[in-house]
Structures are given as C-alpha cells and as structure tokens.
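# Structural overview
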Amino acid sequence: MTSNDEVDRIVDAWSRERSDLDFSPLQVLSRVDRLARHLERARRASFAASDLEPWEFDVLSALRRAGTPYQLSPKALLQQTLVSSGTMTNRIDRLVGRGLVERRTDPNDGRGILVQMTDSGRTRVDAAISTLLDAEAELLVHVTSAEQERLSGLLRKLSLDFDVADDQ
C-alpha cells in the first residue's frame, strides 16, 4: 500500500477546488521538482565537502570525463556546460586563480588555448563525484534497481526533446 505524499495532498486540494481541470501533470512534475530540490541540496553538500562550487564541479567534471590529459578547449567546455562565452572565461579565470586548472597553448593551433585540469583539480573532482554518488544512492535507497532502471528510461524519454532543443 502506497502512502500519500505532499503532492497527493496538493493535487487533492486543487481537484476539490477546481474539478474542471486535469491535474495529472502535477502528479509527475511536482514530484520531479521536489526531488530536484533534494538533489540540489545533496549536490551542494557533496561539492562543499571538496571545497567546490557547483559550477566549479561542472567545469572540472567535463575536464575529468575528457580523459588524460584532462584538457578541453573553452568552446568544448561551453558546449558541455551550457553557459555563455563570457561566463566561461570568468569561470576559467577563477579556476586558474584557485589552482584547479591551467591555460595551455593548443599544440595544434598556436592561437588557441586549452584548459587543463591540475592535480589539485583532479583530486577535488574525484572526491566530489565519490561523495555525490553516495548521496545520490541514499536518495534512491527505497527504489529497487529494476525500478531505478524503469524510472531512468521514463525520464530519458521525457528529457530527449529538451536535449534536442538545447542542441539547436
């Protein structure tokens, strides 16, 4: 037997007050929104434990996922983090100032630069991802592996249209 949650109470109240409307989208998206808030708290705590801001984690994790030598062009970082070029320049400057990345001349294009993660940046992002995965697993503790797989597939289906729109 499933317990009612706050979304059930909200939808029931709205349905009582506005029986002319279909509140089924709230059943899904209000839960996604509430879960996103819990996830955001878990992420911030995980990043803070490694002395990182969320945006720093985004940039460093893009570099880490690139593999050895953990470097990307600013343009590639823009594409992965979905920020403006001015914002990315500011972020790179701040990461350089903290000793988490370095700017290097692109050996294939002397006019271009590459952003390369330092050992300190790698240590911090590796610690942050480990802590984050533990925190996210805790959020999913009451959901079986099979349920997680099903939920992942449904959320992927829902997000595909947004990913295509972001690429355009």
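Keep in mind that this is a model prediction, so the values were computed, not measured.

### Some details on the packing of aromatic side chains
The description of two aromatic rings rests on the distance between their centres and on the angle between their planes. Summed over the entire model, instances satisfying the criterion amount to 2 aromatic pairs. On the basis of an interplanar angle of 20 degrees and a centroid distance of 6.0 Å, the ring pair of Trp 14 and Phe 23 is categorised as stacked. Among the residues examined, Trp 14 registers a relative accessible area of 44% and is labelled partly exposed. For Phe 23, a relative accessible area of 11% corresponds to the buried category. Ring centres of Phe 47 and Phe 57 lie 4.2 Å apart, and the angle between their planes is 20 degrees; this geometry places the pair in the stacked category. Of the two residues, Phe 47 sits in helix H2 (residues 24–49) while Phe 57 sits in helix H3 (residues 54–65), which places them 10 residues apart along the sequence. Taking relative accessible area as the criterion, Phe 57 reaches 8% and is therefore assigned buried.

### Here's the deal with the UniProt feature "domain: HTH marR-type" (unreviewed entry) in the protein chain
UniProt feature "domain: HTH marR-type" (unreviewed entry): in the numbering of this structure it lies at residues 25–160. Taken as a whole, residues 25–160 contains 70% helix and 12% strand, while its terminal C-alpha atoms sit 18 Å from one another.

### Thoughts on the sheet that holds strand S1 (residues 71–72)
The strand order across the open sheet formed by 3 strands is S1-S3-S2, and the pairing between neighbours is antiparallel. Of all the strands in the sheet, just S1 and strand S2 (101–106) have a single pairing partner and so form its edges. Bridge count for S2 against strand S3 (residues 109–117) is 6 bridges, and the pairing is antiparallel. Its bridge partner lying in S3, Val 101 is registered against Met 117. Sitting on the sheet, helix H5 (residues 85–97) touches S2 and S3, and the angle it makes with S2 is about 115 degrees.

### Considering H3
If you check H3, its first and last C-alpha atoms are 16 Å apart, about what 12 residues at 1.5 Å a residue would give, namely 16 Å. For H3, the buried fraction is high: 9 of the 12 residues fall into the buried class. Among the residues of H3, those classed as buried are Pro 54, Trp 55, Glu 56, Phe 57, Val 59, Leu 60, Ser 61, Ala 62 and Leu 63. The positive-phi residue at the C-terminal boundary of H3 is Gly 67, with phi of around 80 degrees.

Conventions and cut-offs
Residues numbered from 1 in each chain as written. Predicted model: local features only at pLDDT ≥ 70, side-chain atom pairs only at ≥ 80, totals over all residues. Heavy atoms only, no water. Phe/Tyr/Trp six-rings, centres within 6.5 Å; stacked < 30°, edge-to-face > 60°. Buried < 20%, exposed > 50% of the residue type's maximum accessible area, 1.4 Å probe, protein only. Helix = DSSP H or I, 4+ residues; strand = E, 2+ residues; numbered from the N terminus. UniProt positions renumbered as here; feature names shortened; annotations may be inferred. Pairing = 2+ DSSP bridges. Contact = heavy atoms within 4.5 Å. Axes fitted to C-alpha atoms, helices over the stretch in contact; angles between N-to-C directions. Expected span 1.5 Å × (residues − 1).

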